[in-house]
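# Geometric and topological summary
The lines below spell out each chain.
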Amino acid sequence: MSLQRAPGPPSEAVRGSSTNIPFWPGGMDEPSMEMLKAATKQEDIDFDRGLLSVPPGFKDGMTFEKPELPESETDTSTKEVQILKLMDIMSIDDDWDLQACVTDTFKKTREEEIQEPKKVTIEAVSVKEEEVWEEIIEKKPLSVTLKIEDVPSVKETLHSSSSEWATMVNISDAVTDFDKKIPNMARTWEFDLDNFQKQAILHLENHESVFVAAHTSAGKTVVAEYAIALSEKHMTKTVYTSPIKALSNQKFRDFRETFKDVGLITGDLQIKPEASCLIMTTEILRSMLYNGSDIIRDLEWVIFDEVHYINDAERGVVWEEVLIMLPDHVELILLSATVPNTMEFADWIGRTKKKKIYVISTLKRPVPLEHYLYTGSGGKSRDEKFLIVDENSKFSTKGYQAAVNAKNERASKFQQTRGPKGPRQNVMPQQEKNTYIALINHLTKLEKLPVVCFTLSRNRCDNNAFLLSSVDLTTAREKGEIHSFVDICVKRLKEADRRLPQVLHMRELLKRGLGVHHSGILPILKEVVEMLFQKGLVKLLFATETFAMGVNMPARTVVFDSIRKHDGKTFRDLLPSEYIQMAGRAGRRGLDSTGTVIILCKGDVPEMSDLYKMMLGKPTKLESQFRVTYTMILNLLRVEKLRVEDMIKKSFGEIFSQKNQASHQVKLKSLGERMGCLPKLDCVTCNTDIEQYYEYLQQFETLKHDLMSVITSHPQGIKVLSAGRVVVVHTEHHPNVIAVILATNSDPKSRTFTVLALSERSTQEENEILSLELAIKRPSSVGPPKLNSNKLEEGDNLEDSLKPYSSHLFKPEGAPGQCLLDISSKDLQYITTKTIKLDPNKIIMDCKKRQQPRFRNDPPGPSTMSATQEIAKIHVSNIRQLPRLNLLKDLSLRDIELVEQVKKLEQLEGNLDQFLCLNCPNFLEHFKHTKEVMKIKREIANLKYLLSEESLQCLPEYRSKIQVLQTLGYVDERKTVKLKGNVACEMSNHELLTTELILEDILTPLEPSEIAALLSCMVFQQKTDNVPKLTKTLEEGVKKIKEIAARIGQTQRDCGLLEPVMDFVDQYKFGLTEVVYEWARGTPFAKITDLTDVQEGIIVRCIQRLDETLKDVRNAARIIGNPVLHQKMVEASDLIKRDIIFAASLYTQNV
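Residues numbered from 1 in each chain as written. Predicted model: local features only at pLDDT ≥ 70, side-chain atom pairs only at ≥ 80, totals over all residues. Heavy atoms only, no water.

This part is about the overall build of the protein chain. Each helix and strand counted, the protein chain has 46 helices and 26 strands in total. Among the 1151 residues that make up the protein chain, the fraction classed as buried is 50%. Expressed as a percentage of contacts within the protein chain between residues at least 6 apart in sequence, the contacts between residues at least 24 apart total 76%. About 57,100 Å² of surface is accessible on the protein chain, with carbon and sulfur atoms providing 51% of the total. (Helix = DSSP H or I, 4+ residues; strand = E, 2+ residues; numbered from the N terminus. Buried < 20%, exposed > 50% of the residue type's maximum accessible area, 1.4 Å probe, protein only. Contact = heavy atoms within 4.5 Å. Areas by Shrake-Rupley, 256 points an atom, 1.4 Å probe, with all protein chains shown as cover.)

With that out of the way, let us pick up the side chain of Thr1073. You can see Thr1073 is positioned in helix 43 (residues 1073-1080). A polar contact of 3.0 Å, which involves the side chain of Thr1073, links it to the backbone oxygen of Phe1070. (Polar contact = N/O pair within 3.5 Å; in protein donor to acceptor, adjacent residues only side chain to side chain.)

Okay, helix 18 (residues 458-467) next. All of the buried residues in helix 18 are Cys461, Asn464, Ala465 and Leu467. The buried residues of helix 18 occupy one face: seen down the axis, they fall within an arc of 160°. Of the surrounding secondary structure, the elements contacted by the buried residues of helix 18 are helix 17 (429-445), helix 21 (501-511), strand 16 (514-517) and strand 17 (540-543). (Arc of directions from axis to C-beta.)

Turning to the nonpolar core, a few remarks are in order. Core analysis: the largest hydrophobic core is formed by 209 residues, its most contacted members being Phe304, Phe345, Phe560, Leu611, Leu1015 and Phe1085. With 10 residues, helix 45 (residues 1096-1120) is the single largest residue contributor to this core. The residues touching Phe304, leaving out its near neighbours within four places in the chain, are Thr241, Trp319, Val322, Leu323, Leu326, Leu332, Ile333, Leu334 and Leu335. (Core = buried A, V, L, I, M, F, W, Y, C linked by side-chain atoms within 4.5 Å.)

This part covers the packing of helix 45 against helix 46 (residues 1123-1136). Each pair of packed helices can be summarised by the angle the axes make with each other and by the distance between the axes. Put simply, helix 45 and helix 46 touch, their axes get as near as 8 Å, and they point 165° apart. Looking at the two axes, helix 45 sits roughly antiparallel to helix 46. For the pair helix 45 and helix 46, the crossing hand works out as left-handed. Contacts from Ile1103, Leu1106, Asp1107, Leu1110, Val1113, Arg1114, Ala1117 and Arg1118 in helix 45 reach Leu1125, His1126, Met1129, Val1130, Ala1132, Ser1133 and Ile1136 in helix 46. (Axes fitted to C-alpha atoms, helices over the stretch in contact; angles between N-to-C directions. Parallel < 35°, antiparallel > 145°, perpendicular 65-115°, else oblique. Left-handed = near helix turned anticlockwise from the far one by under 90°.)

As summarised here, the arrangement of the 5 strands in space is 25-24-23-22-26, forming an open sheet in which the pairing is antiparallel. Edge positions in the open sheet fall to strand 25 (816-824) and strand 26 (828-835), since each of these has one partner strand only. Ignoring which end each strand starts from, the neighbouring axes of this sheet average 35° apart. Each of strand 23 (737-744), strand 24 (752-760) and strand 25 is contacted by helix 33 (residues 840-849), which is oriented at about 110° to strand 23, the strand it contacts most. The sheet contacts of helix 34 (residues 862-877) involve strand 22 (725-729), strand 23, strand 24, strand 25 and strand 26, and relative to strand 24 the element is tilted by about 70°. (Pairing = 2+ DSSP bridges.)

So, on to the sheet that holds strand 9 (residues 277-281). The 9 strands are arranged 4-12-5-11-10-6-9-7-8 in an open sheet whose pairing can be described as mixed. Bordering the open sheet on either side are strand 4 (166-168) and strand 8 (270-271), each of which pairs with just one other strand.

Before going further, it helps to examine the pairing of strand 6 (residues 237-242). Within strand 6, 6 of the 6 residues are buried, which leaves it mostly tucked inside the rest of the structure. Residue alternation in strand 6 divides its side chains into two sets, Lys237, Val239 and Thr241 and Thr238, Tyr240 and Ser242, and both sets are buried. Across 5 bridges, strand 6 lies against strand 10 (residues 299-304) in parallel orientation. Considered in strand 10, the bridge of Thr241 is made with Phe304. Taken together, the 5 bridges between strand 6 and strand 9 define a ladder with parallel strand orientation. Note that in strand 9 the partner of Tyr240 across the bridge is Ile279.

Here Glu321 shows up in helix 13 (residues 316-325). Between the C-alpha atom of Glu321 and that of Met632, which follows or precedes it by 311 residues, the distance is 8.5 Å. With residues up to four places along the chain from it excluded, the contact list for Glu321 reads Arg286, Tyr290 and Met632. Looking at Glu321, its side chain comes within polar contact range of the side chain of Arg286, at 2.9 Å.

Turning our eyes to something else, we now look at the environment of Ala403. Here Ala403 is to be found in helix 15 (residues 397-409). Through-space distance from the C-alpha of Ala403 to that of Thr375 is 6.7 Å; in sequence the pair is 28 residues apart. If we skip the residues at most four places from it in the chain, Ala403 touches Leu373, Thr375, Phe386 and Val605.

For the structure shown, the criterion picks out 21 aromatic pairs. With a centroid separation of 5.2 Å and an interplanar angle of 45°, the aromatic rings of Trp348 and Phe652 are classed as tilted. Here Trp348 is found in helix 14 (residues 342-353), whereas its partner Phe652 is found in the loop between helix 26 (644-650) and helix 27 (655-659), with 304 residues between them in sequence. With a relative accessible area of 4%, Phe652 lands in the buried category. Taking 5.4 Å as the distance between ring centres and 75° as the angle between the ring planes, the aromatic pair formed by Tyr436 and Phe542 counts as edge-to-face. Within this pair, whereas Tyr436 is found in helix 17, its partner Phe542 is found in strand 17, the two being separated by 106 residues in sequence. Here the two residues Tyr436 and Phe542 agree in accessibility, since each one is buried. Linked through ring pairs, Tyr693, Tyr694, Tyr696, Phe915, Phe923 and Phe927 together constitute an aromatic cluster. The positively charged end of Lys849 is found above the aromatic ring belonging to Phe855, 5.0 Å away from the centroid. Between Arg1138 and the ring centre of Trp1079, over which it is positioned, the NZ or CZ distance is 3.6 Å. (Phe/Tyr/Trp six-rings, centres within 6.5 Å; stacked < 30°, edge-to-face > 60°. Lys NZ or Arg CZ within 6 Å of the ring centre and 35° of its normal.)

Inspection of the secondary structure assignment puts Glu225 in helix 10 (residues 221-234). Polar side-chain contacts of Glu225 include one of 2.9 Å to the side chain of Trp189. Setting aside its immediate chain neighbours within four residues, Glu225 contacts Arg187, Trp189, Phe255, Thr258 and Phe259.

Cis geometry marks the peptide bond from Leu449 to Pro450, where omega comes out at 5°. Within the secondary structure, Pro450 sits in the loop between helix 17 and strand 15 (451-454). Its identity is not glycine, yet Asp177 carries a phi of approximately 55°, on the positive side. As for its position among the elements, Asp177 is in the loop between strand 4 and helix 8 (178-181). Exposure remark for Asp177: the relative accessible area of 48% places this residue in the partly exposed category. Of note in the backbone geometry, Lys975 takes a positive phi value of approximately 65° without being a glycine.

Moving on: the packing of helix 12 (residues 282-290) against helix 13. It is the contact of helix 12 with helix 13, at a shortest axis distance of 9 Å, that shows an interaxial angle of 40°. By the angle class used here, helix 12 and helix 13 are oblique. The handedness of the crossing between helix 12 and helix 13 comes out as left-handed. On helix 13, the residues that touch Thr282, Glu283, Leu285, Arg286, Leu289 and Tyr290 of helix 12 are Val318, Trp319, Glu321, Val322 and Met325. Considering only residue class, the contact of helix 12 with helix 13 consists of 7 nonpolar, 1 polar and 3 charged. (Nonpolar A, V, L, I, M, F, W, Y, C, P; charged D, E, K, R; others polar.)

Quick look at the structure:
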């Protein structure tokens, strides 16, 4: 796993190979040879004399003797080893003086070298100045060996007292003497850099990692560009990662205009993979890391754009995997929108990689925004626009109320009665058309074009553009320019593809200055729209949320068609981060003083609180979406030194547990010392079983507490525990006392009871105690104490109140008294079958009255005395125990788990009287000592749990998935990857199902077009109402795939995973099976679109992704030695790679 391993063949230099071992992740302690020997119990091997030269079973072998070299070559003891510093070489300008450089380098003394901090160096073995010049003159390659010296750990370079791995850079401090600090910048710009950009560049020059969280359009790309320029200067490589392929293509075009040496790597395309700057998606970089790509050797920077995409539920885990797997020599540049927990995220990265991360955030947008509500609908209301948030981010309630009033003035009386947020959310098409025409006229008059109208539905984007058929926003010259540009872009398509309805419709829209941008649009048309928008020729663009991601395409105005979206589960308002991301497109730096954001109020005006929360609320925090995937498990199991548990430990979700490791170690040591100082219990009787008694008692109290919590919230329990029910209460000051319920609190989360309990006749001191107890409401705690830091306090409370069990009821000395108590469910010892008639309100009022100082010595009232006497009679007639309510029969409990709890509680209670320690005369004193000892033991056990791998959140999921892999034959019992596992490592998605299809030989008998059609279920995810018409062979194939998927899903359930079997099966959708089949058979694109209701852009994207799946299967066929399947996959790939679906991106062409 070291960088010292030999490079692979050139064909595997970029992507790597599944047979490669990945480079060791930075921040993880690489095991030494001694540790490996100890772990595997290997004996020392003499590699000089202990190796066999003839393999077992062979007659002949091979000798490994070293050839004898001339004495002149072997005698290196007298030759001096010279050191050339790599950073010195990198900093030399192009017009460097070779003679002076070489001379100065060799004049450096060894003492000067020792004083220098350890850096990456080039060690020239046996090289003298004369020999260097001879080789240069003779044009021989310089005989040098690249060697990376040991880099001092961050712990040594940072202050020992510092425990933080992230530092917030104060960008309010001006950077003085910037030009002097960096006299020869790797890249310069025509404009003056902002302070945050200068701060970032200073850290890049120091070869330090940065996290830049800046507002939209603030200029984060400057930091990325400088890193690329530095890598060109240093002759190293930079990888720029993006969340989506389209953004990768756009960045390739942008950077190619700035830098000469830029490459692009996507699933189906490689452009200049040897370039110093490579642009790719994060998934491709992950694959390169797992497959040990040799590009990683020369990698200096990795730039993560749109880091807040780590919150994506499906793909966020990829970012965490890449950040964990990157080697130590790679520095990180993270670019993100402003998020509230930048320091927390940076601290996790720094702690994971064991290097300092410098956080740089902007204080405000370079172009401030003004937010308006638009209530106009044509005519006199055309200009009805109301400011609700000004450029200083202050919310205007006057503006909001004015918008509500303006809307209500035109509403009918019926609509007025419904208030500002009535049911009117949808409007008629004609009303919608009038609203947009009025808005366009208003914005045109104010010179607020171009406009991006975010419409959070693909169909509504198309419909809105269709409604504006009469709108024309371009001049004759602009129409000519648009016409020429569109012709150039589509001329690469076939004639039939140029006449596609979507192409013709988009051409007509664009000529009028309108555009549509969403995933249903053909990729080439989306790129045409984007380029024309950048040129300022698209004046009004209807777009979905993806247009706001990453690309620098600002507009003067942003309009929200609606602030509600469907997130795949339900309709909801936009989150603050989503709103800010889209609204941030408004305002062009250097062109606009402010950006304008408008929310259309076509129906009713949204609630003020909803608007305030969306516009001024905190953006969404960066949160871990880490989960254990089968790909991750198999790739890590291939490497014996790397464990999945280590990957889980390093995940963002475990940041707090890992940060607390040191403090847990200190606490554990302190508790151990405290335990050692406690005297041992010197009692023969108690030493036999007092600890066992304590554990039984704790189990009993915990189970009773849980059971009573359930009963007090159960409908039958609530009915039974009504006023007049006699119960036995066990509190700190009132153990095992008889009481009667007077009132019940109705809060189900913390249900409490007011009871009248039997007690000694009250004295003044006791009354003060009772008053104190009444003042303190004890909330009920739910659930048993668990070995979890979050439950520690709850466990302590339960343990602190633990007292020896006694079945004997409290008996007052002399005449009985009474007291009023507020108790929770945990204070109920048991419920009796007895009830008495009483007036609870009079008793409560009487008791509370006598708690007042002036009435304290008054005798109890008649109602109180009557209830007390009734309780005393019951006690006299049942001196030891009262008859208990049968929880199962009387409460009609049918839940199996509750029945088992009741039986276990009865069993524990029956055993509590059987312990020998109860016979000890000093039992109470010894119990107190044992309680302290057991509490410390529990805390020690809790800390050991938190320090162990058992506390990892994803560990149960990992164990279940390992069991799945073992059951299906991907790994053996020793977790060694088998053939199936190696095949699965080749898959980019749905590795289990694809592998089963390959190894069960489901695909080989089929035709290439049929294979492609069936495998489309791996990439198509959209719901469709269209039922495909399939051939008999395809129907059988679909049936087999579903059967195998059901078998995998059932195995997952059997191994403890929670995903229902049918959910696992239903994720494979066959809505495009017929479409792909016909496409592979050569049917034109115009005809296959008639076979489905799926939009053209989604069809293209699915078939493009399908090609990646076909390549994965092709590679798997090579591994298992199936040449027939291999050839069919090559043919299938060739069949689908044609025409408009695989038309080259305009961003990769010179358009």
